[in-house]
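# Tertiary structure, described
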Amino acid sequence: MVKEYNIVITGVGGQGILTAANLLGWAALHAGYKVRVGEVHGMSQRFGSVIAYVRFGEDVYGAMVPEGKADVILAFEPVEALRYINYLKEGGLVIANSNPIPPVQVSMGLATYPSMEEIKKIIEEDFKGKLITLDAEKLALEAGNVITTNVVLIGALTQTPGFPLSAEHVKEVIRLSVPKKAVDINMKAFELGVKAAKELLGL
Amino acid sequence: MAKVTDIVLWDKPGERVLLLGNHAIARGALEANIAVFAAYPGTPSSELTDTMAAVAEKAGVYMEYSTNEKVAFETALSAAWSGLRAMTAMKHVGLNVAADTFLSAVGMGVEGGFVIMVADDPSMWSSQNEQDTRVYAKFAQVPVLEPSSPHEAKEMTKYAFELSEKFKHMVILRTTTRISHARGDVVLGELPEEIKQAKRKFGDFKKDPSRFVDVPSNARRFHPIILEKIEKIREELAECPFNWIEGKEDAKVGIIAPGLAYSYVKEALAWLGVDDVKILKLGTPFPVPYKLLEKFFDGLERVLIVEELEPVVEEQVKVWAFDNGIRIPIHGKDYVPRVYEMTTRRAVTAIAKFLGLETPVNFESIDEKYKKVSAIVPPRPPSLCPACPHRNTFYAIKKAAGPNAIFPSDIGCYTLGLLPPLKTVDTTVAMGASIGVAHGLDVALNGVPGEKETKEKKIIVATIGDSTFFHTGLPALANAIYNRSNVVIVVMDNLVTAMTGDQPNPGTGDTPHGPGKRILIEDVAKAMGADFVEVVDPYDIKATYEVMKKAIETEGVSVVVARRICALHRVGEMRRRGEKWPIYTVNEEKCTGCKICINAYGCPAIYWDAEKKKAQVNPLICWGCGGCAQVCPFGAFEVMKEGE
Ligand SMILES: Cc1ncc(C[n+]2csc(CCOP(=O)(O)OP(=O)(O)O)c2C)c(N)n1
């Protein structure tokens, strides 16, 4: 049993971040852990930047992961990985979806979107983390529906070195949670995420 | 991952489940055999209210979405007077709305347990101010329970009903965002037979004007009764199962941790590897039980109080210590900030400093490195959804009223009209305030009709949501009409209470128990005597613009009802029914790159392709309203697919 494991999930409101956090929370609960999932509802869910926390272990207390304590950051959008990079512990992993969603301010010319190189450089050089990126929407479409993007990303997450829950266990929780007619595509999406992460991590 | 609305009714005592704090409280209320629940939604309390609405019929509980917190409070209070267990729930500022009834009714006491759930929002994730309900509790002399975890929130809910009944006194259950919106492992308890059999419970109101009529001669008796009761409750709370002393018994250093701060303190101590301290875990920040303080302070040389927001516990502890001749150092707000929410970082930093230790992580160096990130990460504030009717309404108002008009607005999704490019929100204060502010500005800037007018009239157009209109807009509208205001009031009627998660209101007419009676906003405005009343569909931008023009030209109070269902609600329903909607795309031949769609309209589904110098539509989030096609002067937006 791991003493404490900390996941930070980030992205844009509407991308299914809270669903992903809830699924991981249940998976940890079913594995016998104490669990906390931290969320913010309301205003920020309207296409704004969103962060959720999933923590589990022998003992967990508050619902928020403190700065410098996240074992892994799962980002549904690249710049949202960078926005919350202060949560990552040194040597932690960042798994990011590679599809940018440009904020309205960027389209209006009031702000600029950093390049992938810049994002990678800060994550790896300044914050001593490791970044892998995958085109989760593409894999979700390959699985059968873009709605499964979050399941692709959860599949990838389970390949994080030292991840305390087995991929099979997480997959089973997803299988039991999605509507019957959507089981197959979700299972496929999960597997595609696993495969992509394995390749990226050289496993 | 079963559905929450099923889980809260599971007859499986002992089962471990993952529940949001708000869901856990709903389960606690059901385990406590609640009879009546009435509330007005408000983040972060709403999931409690919505869960009660979803299970009401199945559990035999009367549940209503009241029109505002004061009415909800009165509904639940009267049930408690009648011997039933009753609850109301609200966000922190909701208690301001209910405050008149709340503070007046304390001394009357209750018969059935009465629990007021108030959810505070430190750091203001979804709120207009940061207020600490525990201060209200002290003001009103009402005990307040504050959980440290979702499971404890459930257990405390049951205890709150018992405490309320034992002392015939109302009780506050206070959460914060990080309890209400935190999921945690919760162990289910027994459900009462009446809940399982969906048996509706009825009360009995025993007339007693000496108690239920607060004329001065009666009210004068209440105050001493209240003070006597709260001291008895203070004694009782020394035995409360949510208050305890733990840690090293003969420690020299003590830490007092009320509510959720206890969790942060526990994590901080584990992270620091410190175990030679004594902890007073307080589930009742008001009134602090003195008997426990006596035990806790025994042998201590220094004490730190780790408390979120106001020094409510700190002040009680310091007064008690002073009165009892205890002169050891007691610290609190000099170590823990008084503003914004508590975090593990804050707790660990305060405790490390207090004990002369290093923090386990160098937070300053993280902050230093993060400066580089802040400099390049583009902001991503929340925005109105794609296809949101409010966007079209704002667009039309701005066009019709011109750049010099003033736009008082209100609290709801439409507050986001503040952001560029719409920028059609000049003021928001509290719910319902748009109409009062509009009227006040009219008085201040234009004067009332008949008065000598010296300058050009300022156009004032207020915007208010449908739910907010019924909440506190009604008295303000009556006032504006009565006092002959010259303003336009646009009711943005998206047929739901959207911001807080899609609840019904009088304008929709649905209730958790089936159809209620629908009230039409235009009927209300006409009955009150508004000078101009018209209903318009904001998906027709031109028609909306024309109605706005007419409304502005009319002398007196004009009420425009801009009615179109919330896009998020509609898309949800359509998805459930397997229906499709049109998806727009940009015809690059026709797009001139003028950016009106981005710089004036601002739908999140439209973005700028800097290389092509053309607008583009993200098909994944286009919800098919066609507003873009109406604002584009070149007809560049076309339907790509009739539904996807
Ligand atoms: C006194 C008070 N109660 C509750 C809230 C929470 N709240 C914020 S906006 C809102 C309702 C918004 O509904 P509506 O006016 O219909 O606008 P919409 O969000 O649907 O556009 C509520 C209940 C609040 N801010 N203040």
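Source: prediction; values computed, not measured.

## Let's talk about the overall build of chain A
When you go through chain A residue by residue, the secondary structure sums to eight helices and six strands. Helices (α) and strands (β) of chain A occur, in sequence order from the N terminus, as β-α-β-β-β-α-β-α-α-β-α-α-α-α. Principal-axis analysis of the C-alpha atoms gives chain A an extent of 45 × 40 × 35 Å. Looking at the 203 residues of chain A, the share that counts as buried comes to 65%. Counting every atom, chain A has about 7,200 Å² of accessible surface; 53% of that belongs to carbon and sulfur. If you average the places of the 20 positive and of the 22 negative side-chain charges in chain A, the two averages end up 5 Å apart.

## Side note on the overall build of chain B
Of the regular secondary structure elements, chain B holds 24 helices and 23 strands. Taken over the C-alpha trace, chain B has a radius of gyration of 27 Å; the compact-globule value for 644 residues is 26 Å, and the two agree within 12%. Judged by the C-alpha coordinates and their principal axes, chain B covers about 80 × 65 × 60 Å. Relative to its full complement of 644 residues, chain B shows a buried share of 59%. Across chain B, contacts joining residues at least 24 apart in sequence account for 79% of those joining residues at least 6 apart. Of the roughly 25,100 Å² that chain B leaves accessible, carbon and sulfur atoms contribute 53%.

## Points about the interface of chain B and chain A
Each partner contributes residues to the interface: chain B has 62 residues there, and chain A has 63 residues. Note on chain B versus chain A: buried area summed over both sides is about 5,800 Å², and carbon and sulfur give 64% of it. Taken as a group, Met1(B), Arg183(B) and Arg380(B) account for 17% of the area that chain B buries against chain A, more than any other trio of residues on that side. The interface formed by chain B and chain A includes eight salt bridges.

## Things to note about the packing of helix H18 (residues 433-445) of chain B against helix H19 (residues 466-482) of chain B
Residues and elements named next belong to chain B. Two elements in contact, H18 and H19, have axes separated by 7 Å at closest approach and are oriented at 20°. Comparing the axis directions of H18 and H19 gives the class roughly parallel. Crossing geometry of H18 relative to H19 is assigned as left-handed. Contacts between H18 and H19 involve Ile 435, Gly 436 and His 439 from the former and Gly 473, Ala 476, Leu 477, Asn 479 and Ala 480 from the latter. In terms of residue class, the contact of H18 with H19 is made up of four nonpolar, four polar and no charged.

## As for the sheet that holds strand S15 (residues 488-493) of chain B
Residue and element names in this part refer to chain B. Strand order in the open sheet formed by four strands is S14-S15-S19-S18, and the pairing between neighbours is parallel. Two strands lie at the open edges of the sheet, namely strand S14 (461-465) and strand S18 (532-536), each paired on one side alone. Neighbour-to-neighbour, the strand axes of the sheet open up by a mean angle of 20°, direction not taken into account. Note: S15 against strand S19 (residues 558-563), six bridges, orientation parallel. Its bridge partner being in S19, Asp 493 is matched across the sheet by Arg 563. Its contacts with the sheet put H19 on S14, S15 and S19, and the angle it makes with S14 is roughly 130°. Where helix H21 (residues 541-553) meets the sheet, its contacts fall on S14, S15, S18 and S19, and the angle it forms with S18 comes to roughly 175°.

## Quick notes on the confidence of the model for chain B
All names here are of chain B. Summing up the model confidence of chain B, the mean pLDDT is 96 and the portion of residues at 70 or higher is 99%. Averaged pLDDT values for the elements of chain B fall to 91 in strand S23 (residues 637-641) and rise to 99 in strand S5 (residues 114-120). With pTM at 0.97, the complex prediction returns an ipTM value of 0.97.

## Section: the nonpolar core
By size, the foremost hydrophobic cluster in this structure holds 127 residues, and its most contacted members are Ile85(A), Leu30(B), Phe37(B), Met87(B), Phe102(B), Phe114(B) and Met170(B). Counting residues per element, this core draws most heavily on helix H12 (residues 261-272) of chain B, which supplies eight residues. Built from parts of two domains, this core gets at least three residues from each of domain 1 (4-237) and domain 2 (244-363) of chain B. Sequence-distant contacts of Phe37(B), that is, excluding residues within four places in its chain, are made with Leu48(B), Thr49(B), Met52(B), Val61(B), Tyr62(B), Met63(B), Glu64(B), Met87(B) and Ala89(B). One finds Phe407(B), Leu422(B), Val536(B) and Trp623(B) within the second-largest nonpolar core, a separate group that totals 80 residues.

## Here's the deal with the domain arrangement of chain B
All names here are of chain B. Annotation of chain B at the domain level lists domain 1 (4-237), domain 2 (244-363), domain 3 (389-570) and domain 4 (580-643). Taking the mean C-alpha position of each, domain 3 and domain 4 sit 28 Å from one another. Note on domain 3 versus domain 4: buried area summed over both sides is about 1,000 Å², and carbon and sulfur give 57% of it. On the domain 3 side of the interface with domain 4, the three residues burying the most area are Arg 391, Tyr 395 and Pro 421, jointly 49% of the side's total.

## A short note on the site of the ligand
All names here are of chain B. Inspection of the region around the ligand gives 26 residues, with Glu 69, His 390, Asp 466, Thr 468 and Ala 498 positioned closest. Note that an oxygen atom of the ligand is positioned 2.9 Å from one of the backbone N or O atoms of Ser 467. In this structure, an oxygen atom belonging to the ligand sits 3.2 Å away from a main-chain N or O atom of Val 496. Of all the secondary structure elements, the ones that give two or more residues to the shell around the ligand are helix H5 (94-105) and H19. Counting residues per element, the shell around the ligand draws most heavily on H19, at four residues. Among the residues forming the shell around the ligand, the class breakdown is 11 nonpolar, 12 polar and three charged. Looking at the shell around the ligand, you find at least three residues from each of domain 1 (4-237) and domain 3 (389-570).

## Points about the side chain of Asn97(A)
Looking at the secondary structure, you find Asn97(A) in strand S5 (residues 88-97). The contacts of Asn97(A), once residues within four sequence positions are left out, are Ala75(A), Phe76(A), Glu77(A), Pro78(A), Leu134(A), Asp135(A), Ala136(A), Glu137(A), Thr149(A) and Leu153(A).

## Quick notes on the sheet that holds strand S8 (residues 182-187) of chain B
Taking strand neighbours across the sheet as the criterion, the eight strands line up as S6(A)-S5(A)-S4(A)-S1(A)-S3(A)-S2(A)-S8(B)-S1(B) in an open arrangement whose pairing is mixed. Because the sheet does not close on itself, it has two edges, and the strands there are strand S6 (130-134) of chain A together with strand S1 (16-20) of chain B. For this sheet the average axis-to-axis angle between neighbouring strands, irrespective of direction, equals 20°. Seen against the sheet, helix H1 (residues 17-30) of chain A touches strand S1 (4-12), strand S2 (34-38) and strand S3 (49-57) of chain A together with S1 and S8 of chain B and runs at an angle of roughly 0° to S3(A). Along the sheet, helix H8 (residues 183-201) of chain A makes contact with S5 and S6 of chain A, crossing S6(A) at roughly 140°.

So, how was this worked out
Residues numbered from 1 in each chain as written. Chains lettered and ligands numbered in written order. Predicted model: local features only at pLDDT ≥ 70, side-chain atom pairs only at ≥ 80, totals over all residues. Heavy atoms only, no water. Helix = DSSP H or I, 4+ residues; strand = E, 2+ residues; numbered from the N terminus. Buried < 20%, exposed > 50% of the residue type's maximum accessible area, 1.4 Å probe, protein only. Areas by Shrake-Rupley, 256 points an atom, 1.4 Å probe, with all protein chains shown as cover. Lys, Arg positive; Asp, Glu negative; His and termini not counted. Charge placed at Lys NZ, Arg CZ, Asp CG, Glu CD. Rg over C-alpha atoms; globule rule 2.2 N^0.38 Å. Contact = heavy atoms within 4.5 Å. Buried area = accessible area lost by both parts, 1.4 Å probe. Salt bridge = Lys/Arg side-chain N within 4 Å of Asp/Glu carboxyl O. Axes fitted to C-alpha atoms, helices over the stretch in contact; angles between N-to-C directions. Parallel < 35°, antiparallel > 145°, perpendicular 65-115°, else oblique. Left-handed = near helix turned anticlockwise from the far one by under 90°. Nonpolar A, V, L, I, M, F, W, Y, C, P; charged D, E, K, R; others polar. Pairing = 2+ DSSP bridges. pLDDT = per-residue confidence, 0-100. Core = buried A, V, L, I, M, F, W, Y, C linked by side-chain atoms within 4.5 Å. Domains from an automatic or database assignment. Near = heavy atom within 4 Å. Polar contact = N/O pair within 3.5 Å; in protein donor to acceptor, adjacent residues only side chain to side chain.

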